[in-house]
Amino acid sequence: CAMDWQVLTRELSLYLENQVRVGLFGSGVGLSLVLGFGVAYACYYLSSIAKKPQLVASNDRFCRFLEEYCPVVTETYYPTIWCWEGRVQTLLRPFITSRPQVQYRNELIKTADGGQISLDWFDNNDSLYHPDTSTRPTVLLLPGLTGTSKESYILHMIHQSKTLGYRCVVFNNRGIAGEDLLTPRTYCAANTEDLEYVIHHIHSLHPSAPFMAAGVSMGGMLLLNYLGKTGRDTPLIAAAIFSAGWNVFESIASLEKPLNWLLFNYYLTTCLQSSISRHRQMLEKLCDIDLVMKARTIREFDKRFTSVMFGYRTVDDYYEDASPCRKLKSVGIPVLCLNSVDDVFSPAHAIPVETAKQNANIALVLTSCGGHIGFLEGIWPRKCTYMDRVFKQFVQAMFEHGNKIFSM
């Protein structure tokens, strides 16, 4: 995916020469202007856009481990040259990336409170590297706020895992993947009870299989909150976090800025409303659904619905409890966290760099571009993204070399 200054400039010049006729604007001046602009843009891109990510980790051994077995986190990230801005990357990824075909096996598991959770399994029974199902490495995947196992970023993670011979399980939050709500309860970033239940359920089915988890956006926040609560008392050997919102107060404030509200906030609010609308008969036992459906921001939705459902006195109390930055010091297993500093869902100033330095188990990878679950790269970014490559290399590193992480 990477290319040096000379290669990129040469390819761009050749492309422009082939595409732009000398007769542009009636003379060769047009061609000269276009070529000059192209070269200037390429120089700007290579000097200001394409950069190596910032690797933040207090443990030198963890850094050396990543440099050897997950080298992508130390390599220059070349965002797609025509859409590197964070908002553009965020908006385009769902439409521009391919959707690998994945055949799931669905499992509905019952919870102690009478509810049910939908798990989508990719068993990878054709695995050549790990034919023994009892020891086949397993990756639990947690989608974002309204995401399910059908999201393109989840499908790409499963595709990467398939090539390595691993098994995947997608944790769909209650009521989000088409299954009925059996109790008046959905989900939130702070409540980890369902996740704890799912992790122990999977581990009980395959106790001899190495077990990791990867969370995206709100799924990453939920996973971090779980890890902060359990410390080392978890069957997971490691975790990967992508585009998590570290401080919910700062994330909400960013999303309430006019342009961000127009592009993201209002749309996500309507998605949340849609997700509870089909369960209206069950949920109206708990709160005023008509009032919830009038919400125009995520904050209003959380105030009228999420904080009420989970018993918080105020929405601020919920946001305080849901912010993973408060629990980072307690994480007891190796965790790699990828964020872009131009992510409007997780502003750069809210990323807990100093807190991460206080925990030897944490490594932050911060790119200058990439947006929220974007990380597009290549001229036409249909397939593998930078995030996909980080995921693949890190899970492979932990499953195959994890025992070396603190002995290097």
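What you see is a predicted model; the values in this text were computed from it and never measured.

*Asks:* Describe the pairing of strand β2 (residues 105–110), with residues and values.
*Replies:* Looking at chain direction, β2 and strand β3 (residues 116–122) are connected through 6 bridges and run antiparallel. From the neighbouring strand, K110 faces β3, where its bridge partner is Q116. Linking two consecutive strands that pair antiparallel, namely β2 and β3, is a turn of 5 residues; a positive phi of about 95° is found at G114 within it.

*Asks:* Tell me about the sheet that holds β3, and name the residues and values.
*Replies:* Spatially, β1-β9-β8-β7-β6-β4-β5-β3-β2 is the arrangement adopted by the 9 strands of the open sheet, whose pairing is mixed. With one partner strand each, in any of the chains shown, β1 (54–56) and β2 form the two edges of the open sheet. Each strand of the sheet is rotated relative to its neighbour by a mean of 20°, with strand direction disregarded. Of the strand pairs in this sheet, β3 and strand β5 (residues 167–172) are connected by 5 bridges, and their pairing is antiparallel. The residue bridging D120 from the neighbouring strand is V170, located in β5. In the packing of helix α7 (residues 218–230) onto the sheet, the strands contacted are β4 (138–142), β5, β6 (211–216), β7 (238–242) and β8 (335–340), and the crossing angle to β6 comes to about 135°.

*Asks:* Quick one: what's the story with the pattern of salt bridges, residue by residue and with numbers?
*Replies:* With the rule as written, the count across this model stands at 19 salt bridges. Between D180 and R278 there is a salt bridge, with its nearest N and O atoms 3.9 Å apart. Note that D180 is positioned in the loop between β5 and α6 (193–205) and R278 in the loop between α9 (258–277) and α10 (280–283), a separation of 98 residues in sequence. R299 is the partner of E256 in a salt bridge, and the nearest nitrogen-oxygen pair spans 2.8 Å. In this pair, E256 is assigned in the loop between α8 (248–255) and α9 and R299 in helix α12 (residues 298–309), connecting sequence segments 43 residues apart. Sharing partners across several salt bridges, the network here consists of D113, R174, R185, E193 and D194.

*Asks:* Run through the packing of α12 against helix α13 (residues 315–322), naming residues and quoting values.
*Replies:* One can describe the packing of α12 onto α13 by two numbers: an axis separation of 9 Å at closest approach and a directional angle of 95°. Taken as axis vectors, α12 and α13 run roughly perpendicular relative to one another. On α13, the residues that touch I298, R299, D302, K303, T306 and S307 of α12 are V315, D316, Y318 and Y319.

*Asks:* Account for the nonpolar core, naming residues and giving values.
*Replies:* Counting residues in hydrophobic clusters, the biggest one holds 68 residues, and the most contacted among them are L140, L223, V335 and L364. Sort the elements by how many residues they give to this core and α7 lands first, with 7 residues. A domain split of this core shows at least three residues from each of domain 1 (50–246 + 323–401) and domain 2 (248–322). Sequence-distant contacts of L140, defined by excluding residues within four places in its chain, comprise V169, F171, L195, V198, I199, I202, F211, M212, A213 and A214. Grouped together as the second largest cluster of nonpolar side chains are 52 residues, A57, C70, V72 and I405 included.

*Asks:* Residue-level account of the domain arrangement of the chain, with values.
*Replies:* Domains assigned within the chain are domain 1 (50–246 + 323–401) and domain 2 (248–322). Placing a centre on the C-alpha atoms of domain 1 and another on those of domain 2 gives a separation of 24 Å. The interface is formed by 35 residues belonging to domain 1 together with 28 residues belonging to domain 2. In total, about 2,500 Å² of surface goes out of reach between domain 1 and domain 2, with carbon and sulfur atoms giving 65% of it. Counting the surface domain 1 buries against domain 2, the share from its top three residues, P184, S323 and F345, is 21%.

*Asks:* I'd love a proper account of α7, names of residues and values included.
*Replies:* With 13 residues, α7 extends 18 Å between its outermost C-alpha atoms, agreeing within 8% with the 18 Å of an ideal straight helix rising 1.5 Å per residue. In terms of burial, α7 is largely enclosed, as 12 of its 13 residues are buried. By the burial criterion, the buried members of α7 are M218, G219, G220, M221, L222, L223, L224, N225, Y226, L227, G228 and T230. Of the residues one or two after α7, G231 is the one with positive phi, at around 60°.

*Asks:* Before we move on, can you summarise the packing of aromatic side chains with the specific residues and values?
*Replies:* How two aromatic rings sit relative to each other is given by the distance of their centres and the angle of their planes. On inspection of all chains with the given rule, the structure shows 14 aromatic pairs. When the centroid spacing of 5.2 Å and the interplanar angle of 50° are considered together, the rings of F65 and Y69 count as tilted. Of the two residues, F65 and Y69 both sit in helix α3 (residues 60–69), 4 residues apart, roughly one turn of that helix. For F65, a relative accessible area of 0% corresponds to the buried category. Residue classification places Y69 among the buried positions, given a relative accessible area of 18%. Put simply, the rings of F249, Y312, Y318 and Y319 touch in pairs and so form one group of aromatic residues.

*Asks:* An account of the packing of α8 against α13 is needed here, citing residue identities and associated values.
*Replies:* Following both chains from N to C, one finds α8 and α13 inclined at 115°, their axes separated by 8 Å at the closest point. Contact residues: α8 offers V248, F249 and I252, while α13 offers D316, Y319, E320 and A322. Taken together, the residues that form the contact of α8 with α13 break down as 5 nonpolar, no polar and 2 charged.

*Asks:* So what's going on with α13? Residues and values would help.
*Replies:* For an α-helix the count is 3.6 residues per turn, leaving residues at separations of three or four pointing the same way. All of the buried residues in α13 are V315, Y318, Y319 and A322. Seen from one end, α13 has its buried residues packed into an arc of 95°, which puts them on one side. On the buried face of α13, the contacting elements are α7, α8 and α12.

*Asks:* An account of the UniProt feature "domain: AB hydrolase-1" (unreviewed entry) in the chain is needed here, citing residue identities and associated values.
*Replies:* Residues given the UniProt feature "domain: AB hydrolase-1" (unreviewed entry) here are residues 137–378. With 41% helix and 14% strand, residues 137–378 has its two end C-alpha atoms placed 30 Å apart.

Cut-offs applied
Residues numbered from 1 in each chain as written. Predicted model: local features only at pLDDT ≥ 70, side-chain atom pairs only at ≥ 80, totals over all residues. Heavy atoms only, no water. Pairing = 2+ DSSP bridges. Helix = DSSP H or I, 4+ residues; strand = E, 2+ residues; numbered from the N terminus. Axes fitted to C-alpha atoms, helices over the stretch in contact; angles between N-to-C directions. Contact = heavy atoms within 4.5 Å. Salt bridge = Lys/Arg side-chain N within 4 Å of Asp/Glu carboxyl O. Parallel < 35°, antiparallel > 145°, perpendicular 65-115°, else oblique. Core = buried A, V, L, I, M, F, W, Y, C linked by side-chain atoms within 4.5 Å. Buried < 20%, exposed > 50% of the residue type's maximum accessible area, 1.4 Å probe, protein only. Domains from an automatic or database assignment. Buried area = accessible area lost by both parts, 1.4 Å probe. Expected span 1.5 Å × (residues − 1). Phe/Tyr/Trp six-rings, centres within 6.5 Å; stacked < 30°, edge-to-face > 60°. Nonpolar A, V, L, I, M, F, W, Y, C, P; charged D, E, K, R; others polar. Arc of directions from axis to C-beta. UniProt positions renumbered as here; feature names shortened; annotations may be inferred.

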